[in-house]
Amino acid sequence: MNRYLSYYRKIIILGIPILVGQLGMIAVGFADNIMVGQHSTPELAAASFVNNLFNTVIFLIMGFTYGITPLIGALAARDRRHDIGRTLRTGLHVNAIFSLSVTLVMASVYFFLDDLVRDRSLLPLIRPYYIIYLAGLIPISLFNVFAQWSYAIGNTVMPTVIVLTANIVNIAGNFLLIDGNMGCPELGLTGAGIATFTARLLCPILITLVFILSRNNAGYRRGFTASATPVYTSGHIFRTSVPVGLQMAMEAGSFSAAALIAGWLPDGTLALAAFQVLVIVGTLGFCIYYSIGTGVSVLVANAAGAHDTLAMRRIGWAGYHVTLAIAAVSCTIFLTFGETLISFFSDNDIALINLATAQLIPLVIYQLGDATQINFAAALRGTTHVMPMLWIALVSYIIVGIPVTYLLAIPAGLGLQGIFLSFSIALFLAGALFLRYFLKNTCT
């Protein structure tokens, strides 16, 4: 164990600030869904549809920003601040173009909502929320590029403070606009969307100001404004970003497909609302694993910059040890307090609470698969050898995951339980394949 202790400390030191920010985002997710669910179950179902439809896009955009993390991490290991600034500038250009393209694609999807929504009574709730959600995609991209730069240079606190500030704004907006408190209009789900958009717009504004005004960033700013040839071209960043973005998009896409399948169950609106509640509860685990995974990715990238393959491998395993310990705590919380957490979302819909509570065991099982695939996907990202992530995601989440979800839910008659059981199959498969390629790329 002694050979891993120093890595445990480094991973935890990097991961804790991100974890705090992620827990803040979880709190906002809980607040959003609790307030909307208390307002009405149909609005919760409409939020579930839009959130799950956009989850694929959000993860695609966020994953695409991760392409610069190992590149900047390798430069940070050699303290090449000027080159880091130039890489950040190129990364912003590439990500701005990419997120704009994705926004245009999702804008076209808006005109086909009639074909995607089975319960047409939800459409008046879905349409305005969809438009507001769409407007937040580019701000998410710009903030995350700066956040990945900050993580890669070892400063995980600053983005976390910004996220927490935005979370406070989001919750305050929910309080004012969902139920119409303090003289504000009662907008329900649309009010929740406006609050979320305001918070997402605030994040890139604040982090840009920090980059411009902080003395500690002077070296990075000089590189950012330099007219010299970039260290990494747009094509290079694009090649490292696309596999990661598509991997995360396909994973989220499998969950979005599961949401659609939940809507096809006999009581689609109830199943969709219960699915949304469970996904939000499960996010408690995901966000914590993601925080540790970010620390793993940064440290692997630093070790890669120093050409230390032994350290790369030990960091990957150390991250897995920490992640499994956290997963054990998460699963204990779900089993002990799961029904209480679920009841927060709707205190008067007993059918919703009972249906969601019945899925806690499958939820716990897939948490372990999620912890495994997040850790080793992050470790593989840190090596910059990311092309295998494309076919691993395609096989695990799309070719295997979605058909298994459908077969267990509908032909096998397991319903919502079948959907959550299927997640374990896809996630454990992905985790095993990510591990295989991480070990292959860290052979001494």
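Above this note sits the structure.
Quick notes on the rules
Within each chain, residues carry numbers counting from 1 in the order of the written sequence. In keeping with the predicted nature of the model, local features appear solely for residues at pLDDT of at least 70, side-chain atom pairs appear and are counted solely at 80 or more, and the whole-chain, interface and lining totals rest on all residues. Heavy atoms throughout the structure, all of them, feed into the side-chain values; hydrogens and water do not. Think of it this way: any DSSP run of H or I at least four residues long counts as a helix, any run of E at least two long counts as a strand, and we number them from the N terminus. Every radius of gyration here is taken over C-alpha atoms, with the globule rule written as 2.2 Å times N^0.38, N being the number of residues. Buried, partly exposed and exposed residues are distinguished by accessible area as a fraction of the type maximum, computed with a 1.4 Å probe on protein chains only: under 20%, between the cut-offs, and over 50%, respectively. Every accessible area reported is derived by Shrake-Rupley at a probe size of 1.4 Å, with residue values counting cover from the shown protein chains alone. The charge count treats Lys and Arg as positive and Asp and Glu as negative. His and the chain ends do not count. Positions of charges follow a simple convention, taking NZ of Lys, CZ of Arg, CG of Asp or CD of Glu. Where helices are involved, their axes are fitted lines through C-alpha atoms of the stretch in contact, as for all axes, and angles between N-to-C directions lie from 0 to 180°. Here the angle decides the label: under 35 degrees means roughly parallel, over 145 means roughly antiparallel, 65 to 115 means roughly perpendicular, and every other value means oblique. Here a residue-residue contact requires only that any non-hydrogen atoms of the pair lie within 4.5 Å. Following the grouping adopted for this structure description, the nonpolar residues are Ala, Val, Leu, Ile, Met, Phe, Trp, Tyr, Cys and Pro, the charged ones are Asp, Glu, Lys and Arg, and the polar ones are all others, Gly among them. Think of it as the arc spanned by the lines of direction from the helix axis to the C-beta atoms. Each reported salt bridge corresponds to a side-chain nitrogen of Lys or Arg within 4 Å of a carboxyl oxygen of Asp or Glu. Any Phe, Tyr or Trp ring, taking Trp's six-membered ring, that has another such ring centre within 6.5 Å forms a pair; planes under 30 degrees apart are called stacked, those over 60 apart edge-to-face, and the others tilted.

## Here we look at the overall build of the protein chain
Right, so step 1: Across its full length, the protein chain carries 17 helices and zero strands.
Right, so step 2: Over its C-alpha trace the protein chain gives a radius of gyration of 21 Å, about what one expects of a compact globule, namely 22 Å for 444 residues.
Right, so step 3: For the protein chain, the spread of C-alpha atoms along the principal axes amounts to about 55 × 45 × 35 Å.
Right, so step 4: The buried share of the protein chain, taken over its 444 residues, is 58%.
Right, so step 5: Only carbon and sulfur atoms are counted for the fraction: they give 69% of the accessible area of the protein chain, which is about 17100 Å².
Right, so step 6: Across the protein chain, the centroid of the 21 positively charged side chains sits 25 Å from that of the 16 negatively charged ones.

## Digging into unusual backbone geometry
Right, so step 1: With a phi close to 55 degrees, Asp79 is a non-glycine residue in the positive phi region.
Right, so step 2: Mapped onto the secondary structure, Asp79 falls in the loop between helix H3 (69-76) and helix H4 (81-109).
Right, so step 3: Take Asp79: its relative accessible area is 53%, and that puts it in the exposed class.
Right, so step 4: Even without being a glycine, His307 presents a positive backbone phi close to 60 degrees.
Right, so step 5: Residue placement: His307 occurs in the loop between helix H12 (268-305) and helix H13 (309-343).

## Considering the packing of helix H11 (residues 234-264) against helix H16 (residues 388-409)
Right, so step 1: At a minimum axis separation of 9 Å, H11 and H16 run at an interaxial angle of 5 degrees. Relative to H16, the element H11 lies roughly parallel. Residue-level inspection shows Pro243, Val244, Leu246, Gln247, Met250, Glu251, Ser254, Ala257, Ala258 and Ile261 of H11 in contact with H16, the latter providing Met389, Leu390, Ala393, Leu394, Tyr397, Ile398, Ile402, Thr405, Tyr406 and Ala409.
Right, so step 2: Looking at the contact of H11 with H16 residue by residue, the classes come out as 16 nonpolar, three polar and one charged.

## Section: helix H10 (residues 218-225)
Right, so step 1: If you check which residues of H10 are buried, you get Gly219, Tyr220 and Gly223. Taken down its axis, H10 places every buried residue within 100 degrees of arc, on the same side. Residues Arg222 and Thr225 are exposed on H10 and point more than 90 degrees away from its buried face.
Right, so step 2: Tucked inside the fold, the buried residues of H10 contact H4, helix H7 (137-152) and helix H9 (189-213).

## Notes on the pattern of salt bridges
Right, so step 1: Summed over the entire model, instances satisfying the criterion amount to three salt bridges.
Right, so step 2: The closest approach of N and O atoms between Asp79 and Arg81, which form a salt bridge, is 3.4 Å.
Right, so step 3: Note that Asp83 is salt-bridged to Arg80, the shortest N-O span being 2.7 Å.
Right, so step 4: Note on Arg80: relative accessible area 30%, which makes it partly exposed.
Right, so step 5: Salt bridges linked by common partners bring Arg80, Asp83 and Arg86 together as one network.

## What about the packing of aromatic side chains?
Right, so step 1: The final tally for this structure, using the stated rule, is 26 aromatic pairs.
Right, so step 2: Residues Phe420 and Phe423 carry aromatic rings whose centres are separated by 5.3 Å and whose planes lie at 70 degrees to one another, so their mutual orientation is edge-to-face. Taken together, the residues span about one helical turn, with Phe420 and Phe423 both in helix H17 (residues 415-441) at a distance of three residues.
Right, so step 3: Assessed through its relative accessible area of 0%, Phe420 is described here as buried.

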